[in-house]
Amino acid sequence: SRVLGARHPFTHAAATNLAVTLHTLGELSTARGLNEKALNGTRIALGREHPLSLVCAINLANDLARGGRYDLARDLGAVTHEQARGALPSNHPWTLALATNLALDMRGMGQLDESAELQQDTVTRLRERLGPSHPMTLGAYDNLRAFGDIDVPHI
């Protein structure tokens, strides 16, 4: 943020990447705060359907779910999954990451049939797109949440 400014998309990308690490370390409140700011910032700078905004939403939904707020995670995930399907191919890894997490959030809300159907479809698509032994495919099969990280180009 010192070099590019607090509103630059790469600043938001760095914040969401840091938030993934903090989430993994159990610092959920700090991770959620960073992801909320990054999501708001990328949406303002780039739009709601931009891939960076979608990744920020993936990670914020993860924070919400781990905090037990499956309702909020599901709602954010459902809207973001629709946005991704409009902006990215249906078999894009981020679209599939959103579907993976949405299935888990639906399960957390007791929507078991819908969750199972979405998970099965997503695992099939992941196998086709990334292969059966790819970590994201295996994670979806094992009911693990997908996180997004952002690699920004060099300036």
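This text goes with the structure placed above it.
The model shown is predicted, which means the values in this text are computed figures rather than measured ones. (Residues numbered from 1 in each chain as written. Predicted model: local features only at pLDDT ≥ 70, side-chain atom pairs only at ≥ 80, totals over all residues. Heavy atoms only, no water.)

Chemist: For this particular structure, what's the right way to read the overall build of the chain?
Modeler: A tally of helices and strands in the chain yields seven helices and zero strands. Scaling as 2.2 N^0.38, a compact globule of 155 residues should have a C-alpha radius of gyration of about 15 Å, and the chain matches this with 15 Å. Counting only C-alpha atoms and orienting by the principal axes, one finds that the chain spans roughly 45 × 30 × 25 Å. In the chain, buried positions account for 42% of the 155 residues. Restricting to contacts in the chain with at least 6 residues of sequence separation, those with at least 24 account for 59%. Per element, the accessible surface of the chain, about 8,300 Å² overall, is 53% carbon and sulfur. With 15 positive and 16 negative side-chain charges, the chain shows a separation of 6 Å between the mean positions of the two kinds. (Helix = DSSP H or I, 4+ residues; strand = E, 2+ residues; numbered from the N terminus. Rg over C-alpha atoms; globule rule 2.2 N^0.38 Å. Buried < 20%, exposed > 50% of the residue type's maximum accessible area, 1.4 Å probe, protein only. Contact = heavy atoms within 4.5 Å. Areas by Shrake-Rupley, 256 points an atom, 1.4 Å probe, with all protein chains shown as cover. Lys, Arg positive; Asp, Glu negative; His and termini not counted. Charge placed at Lys NZ, Arg CZ, Asp CG, Glu CD.)

Chemist: Would you mind showing me how to read the nonpolar core here?
Modeler: Note on soluble globular proteins: their nonpolar side chains tend to be buried together. Residues Leu 54, Ile 58, Ala 84, Leu 88, Leu 96, Ala 97, Leu 98, Val 123, Leu 126, Met 136, Ala 140 and Ala 146 constitute the largest nonpolar core, which totals twelve residues. Every element with two or more residues in this core is listed here: helix H3 (51-66), helix H5 (93-108), helix H6 (112-130) and helix H7 (135-141). The element best represented in this core is H5, accounting for three residues. When neighbours within four sequence positions are excluded, Ala 146 is seen to be in contact with Ile 58, Asn 62, Ala 97 and Asn 101. Core analysis: the second largest hydrophobic core is formed by eleven residues, Ala 15, Leu 60, Leu 64 and Ala 73 among them. (Core = buried A, V, L, I, M, F, W, Y, C linked by side-chain atoms within 4.5 Å.)

Chemist: For this particular structure, what's the right way to read the environment of Asn 143?
Modeler: Along the chain, Asn 143 falls in the segment after H7. Classification of Asn 143 by relative accessible area gives partly exposed; the value is 34%. Along the primary structure Asn 143 and Asn 101 are separated by 42 residues, whereas in three dimensions their C-alpha atoms are 8.6 Å apart. Those residues in contact with Asn 143 that sit more than four places away from it in its chain are Leu 104, Arg 107 and Gln 119.

Chemist: How do you make sense of the packing of H3 against helix H4 (residues 70-87) when you look at a structure like this?
Modeler: Where H3 meets H4, the axes come as close as 8 Å, and the angle between the chain directions of the two elements is 165°. By the angle class used here, H3 and H4 are roughly antiparallel. Here the hand of the crossing between H3 and H4 comes out left-handed. Note on element contacts: H4 touches H3 through Tyr 70, Leu 72, Ala 73, Leu 76, Thr 80, Gln 83 and Ala 84, opposite Leu 54, Ala 57, Leu 60, Ala 61, Leu 64 and Ala 65. (Axes fitted to C-alpha atoms, helices over the stretch in contact; angles between N-to-C directions. Parallel < 35°, antiparallel > 145°, perpendicular 65-115°, else oblique. Left-handed = near helix turned anticlockwise from the far one by under 90°.)

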